[in-house]
Amino acid sequence: MFDYFLQQLIFALAIGAIYGLIALGYTMVYGVMRLINFAHGEFFMLGPYIYTFLFSGLVGLGGLAPVLDSAIAIVASFVIVGLLGVAIERFAYRPLRAYGRLAPMLSALGMSIVLQSAVRVTVGPQPVHFPAIVPSTPIDALGGMVTTVQLGILIAAVLLMVGLTLFVNGTRLGIWIRAASESWTTSSLLGIRVNRAVSLVFFIGPGLGAMAGIMYASYYGIMQPTMGSVIGLKAFTAAILGGIGSIPGAMLGGFLLGAIEVFGTAFLPILSFGYIGTEYRDVFAFAVLILVLLFKPAGLLGETVSEETTVAKKDY
Amino acid sequence: MGNSVIARRLGLLAVLALCVVLLALVPYFPSYYVRVVDSILIYIILAVGLNLVVGYAGLLDLGFIAFYAVGAYAYAMLASGQFDIHLPFIVVLFIGAAAGAIAGILLGFPVLKLRGDYLAIVTLSFGEIIRIAINNADDLTNGPQGIAGLDRASLFGLPLTTPVHFYWLLLVLAIIVCAGVYYMERSILGKAWRALREDQDVVRGLGINTTTLKLLAFALSAAIGGAGGVIFGAFQRFVSPESFTFQESLLVVLIIIIGGVGNIVGVIAGAVVLVVLPEILHFAAQYRLLIYGVVLVTVIVLRPGGLVSPRFNLGFIIRKVRTLWLSPSKT
C-alpha cells in the first residue's frame, strides 16, 4: 500500500507541477489586467510543437551534442512563445482596455481559435509522436517506481517556480509586476511603466506555459493541436483554487489539483465502494473548486481584503 | 401632410413588408438554408435568454449550455425508447423549461453571492460537471453514445418533423421570447436588473434584495435555455454529450458580445453573424476555423462595443415606427 501511495504521490507531484506552471500564466495575467486569458492553453500546446520543429531543425543542420540541441530548442521555444504572447497582447488585448472586461476576454477566445486552428492547418489534426528529451528509465525509490521523466519534470518545474519567485520578489522588473497587480493607477502615478510590466507578464506567462507543454508532451510521448483546451481549463481551475492573482497560490493550486485528480482516481472507487468510478475524477475536481470558492471566495491564498475593494463594483 | 411623410411611410411599409416577405419565403428555400435559419433562431432564443443574465443583470454565466443540455435530455428521456416513455412535445417543453429553471435555482442559490470572475468560474465548473455527469451516467443517458431515435414531435396534431415545421415553431417562439424579454426589460424588474449591473451596492442600499433579483434572472434565463434544449432534442432526434461542451457556452456569450450587450437587436445580429459565418466559410475547407477566429478577433478589436450600437435597440425601432405613423410631424 505504501509504495502504491508513494508512486501516486510522485505522479501527483509531476502532473501538479505542470498545472502549476500553466496556472502561473493565468494568474500573472489576471493580476495585472483582470483578464481571463482564454488563449493561454494554446501557448501550452505551442510549446512542444515549436520545440520539435526547432530540435529537428537543429539536428537536420548537423547539430551539436543532442543535450545541447535540446537545451537550445527548449530555451528558444520559451522565447518564441513568450514573444508571441507579447505580440498578441499588443494587438488583440491592448486596444480593448477601455471597453470593460468582456471584450478582451472574447478577443482572447478568438485568439485561442486562431492559434489552435493555425497549428491544425500547418501540421494536421492527428496526434504526433513527441521525441523523448530524457530516456524514460524507471528508478526504484523507497519501494515505489519513479521514472526519470517524472523526476525531470518535477525538478525542472520546481526550478522554474523558484526562479520566478526570486525574479518577482527580488528584481526591479519583478517589483514592477507586483506593483502593477496591486494597483494599476497608483503604479503609473509612481512612474512605473505599467505597459512594460504587462508585456513582461505576457512574455513570462506564455513562456512558462510552453515549458509545461514540453513537459506534458514528454510525459505522454504525444502532442496534438487540441491538447491545450482541457488542460488549460484545469490549470485555470488550479489558479482560482489557489487564489487568482497570487503567484504562490497558483503553484499551490496546481499541486493541489494534481493531488485531487490523482488520488481521486486512485482512491475514489475504493472509498465509495465502487459506486463512483474514476470517470468522475473531473467532477470531483470541479466540485472541490466550487466548495472552496463558497467558503473562501478569494481562493486559498487570495487576498482576503473586503469584497468591495477586490472586485470592481461593476462586474461586467 | 407633405409628400415627404407619405414617402417615408411608404418606405417604412416597404421595409416591414420586405421583412415579412423574407420570413414567409424561408420555407421555400432549399432544405440546407432552412436548417441554417433554424439554427439561427435557436441561437437567438438561447442568446436572448442568456442576455437576461449577462446583459441586464451583469453576471457572467459561462455554463449556460448546461441548462440547454437539461432540456435536451429531458426530451430524450421522456419522449423516446430510452425508458419507453412517450410524452407529447408540448408537455416536455414545459417540463424542460421547469427543469432548466430548477437547475438554475439550484446552481444560483449557493453561488450568487460570488461576484464577477468567481461567478463565471463557478458557472463554468457547473457546466462541465453536468456534461461529465451526462457522459458517465450510462444507465440514464446512455453515456457518450447519446440517445438516438427520439420521438417525432407534433404540436396540437400538427407534425413537427421537417426543418420547415421547426422554422415556424422557432420563429413563433423567438418572437414570443424577444417580446417577453423586451417587456421585462422595460418593467420595474428590468430597471432593477440594470441598476444591479451598474452598482450592486447602491441597489442593496435601496433595500432591494439583490440575491433574489439575481436568482430571478438566473432562473428565467435557465428556463429559456431548457425550453431551447427541448426543441433542439426534438429537432435533431438525437442527443449526445458532445453537443454541450464549454465551447457551446462560449458561443452563446460570443453572440451577445458581438451583437451588443443587453440589446435584443444586437443579439439577433450576433446570432446571424456567428451562425452564418462558419457556413459561408465552408469553401475554405480546413482554413475555415482559422479565418473564423481571425474575423472574430478583428471584429472585436474594431468594434469592441458590439456590431449594433446600444442606441439602436428594439425600443428605438418601435418608437421610430410609432412616431412616424401617429405623429409624423415630430420626426
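Residues numbered from 1 in each chain as written. Chains lettered and ligands numbered in written order. Predicted model: local features only at pLDDT ≥ 70, side-chain atom pairs only at ≥ 80, totals over all residues. Heavy atoms only, no water.

Enquirer: I tried to follow the overall build of chain A on my own but got confused; where do I start?
Expert: When helices and strands are tallied, chain A shows 12 helices and 4 strands. If one aligns the C-alpha atoms of chain A with their principal axes, the spans along those axes are about 55 × 55 × 40 Å. Each of the 316 residues in chain A was classed as buried or not, and the buried ones make up 53%. Considering only residue pairs separated by 6 or more positions, chain A has 75% of its internal contacts joining residues 24 or more positions apart. If you sum the accessible surface of chain A, you get close to 13,500 Å²; carbon and sulfur atoms cover 72% of it. Within chain A, the 13 negative side-chain charges are centred at a point lying 15 Å from the centre of the 15 positive side-chain charges. (Helix = DSSP H or I, 4+ residues; strand = E, 2+ residues; numbered from the N terminus. Buried < 20%, exposed > 50% of the residue type's maximum accessible area, 1.4 Å probe, protein only. Contact = heavy atoms within 4.5 Å. Areas by Shrake-Rupley, 256 points an atom, 1.4 Å probe, with all protein chains shown as cover. Lys, Arg positive; Asp, Glu negative; His and termini not counted. Charge placed at Lys NZ, Arg CZ, Asp CG, Glu CD.)

Enquirer: I keep staring at the environment of Arg281(A) and nothing clicks. Help me out?
Expert: Residue and element names in this part refer to chain A. Checked against the element boundaries, Arg281 lands in helix H11 (residues 281–295). When its relative accessible area of 29% is taken as the criterion, Arg281 is described as partly exposed. In contact with Arg281, not counting residues within four places along its chain, are Lys234, Glu261 and Thr265.

Enquirer: Help me out: how do you make sense of the interface of chain A and chain B in this one?
Expert: By a frequent convention, interface size equals the accessible area lost on bringing the separate parts together. With 46 residues of chain A at the contact, the number on the chain B side is 46 residues. Around 4,200 Å² of area is buried between chain A and chain B when both sides are counted, 74% of it from carbon and sulfur atoms. Between chain A and chain B we count 1 residue pair in polar contact (both at pLDDT 80 or more) in total. The set of elements that each furnish at least two residues to the side of chain A that touches chain B consists of helix H3 (66–93), helix H4 (102–123), helix H9 (227–242), H11 and helix H12 (307–310) of chain A. If one sorts the elements of the side of chain A that touches chain B by residue count, H4(A) sits on top with 14 residues. Among the residues making up the side of chain A that touches chain B, the classes are represented as 34 nonpolar, 3 polar and 9 charged. (Buried area = accessible area lost by both parts, 1.4 Å probe. Polar contact = N/O pair within 3.5 Å; in protein donor to acceptor, adjacent residues only side chain to side chain. Nonpolar A, V, L, I, M, F, W, Y, C, P; charged D, E, K, R; others polar.)

Enquirer: Just checking my understanding: could you explain the side chain of Gln116(A) for this structure?
Expert: All names here are of chain A. If you trace the backbone, Gln116 turns up in helix H4. Within polar-contact distance, the side chain of Gln116 engages the side chain of Glu42 at 3.3 Å. Within polar-contact distance, the side chain of Gln116 engages the side chain of Ser229 at 3.2 Å. Contacts of Gln116, omitting those with residues within four sequence positions, involve Glu42, Met45, Pro225, Thr226 and Ser229.

Enquirer: I would appreciate a short explanation of the side chain of Asn51(B) in the present structure.
Expert: Residues and elements named next belong to chain B. The topology assignment puts Asn51 in helix H2 (residues 31–56). Judged by its relative accessible area of 2%, Asn51 is buried. In this view, Asn51 contacts Tyr56, Ile256, Val261, Gly262, Asn263 and Val267; residues no more than four positions away in its chain are not counted.

Enquirer: Hey, could you run me through the packing of helix H11 (residues 246–259) of chain B against helix H12 (residues 264–280) of chain B in this one?
Expert: Geometrically, a packed helix pair is captured by the angle between its two axes and the distance between the axes. All names here are of chain B. Running from N to C, H11 and H12 cross one another at 120°; their axes reach a closest spacing of 7 Å. With respect to H12, the element H11 is oriented oblique. Note that H11 runs across H12; the crossing there is right-handed. Every residue of H12 that contacts H11 at Leu251, Leu254, Ile255, Ile256, Ile258 and Gly259 is listed here: Gly266, Val267, Gly270, Ala271 and Leu274. (Axes fitted to C-alpha atoms, helices over the stretch in contact; angles between N-to-C directions. Parallel < 35°, antiparallel > 145°, perpendicular 65-115°, else oblique. Left-handed = near helix turned anticlockwise from the far one by under 90°.)

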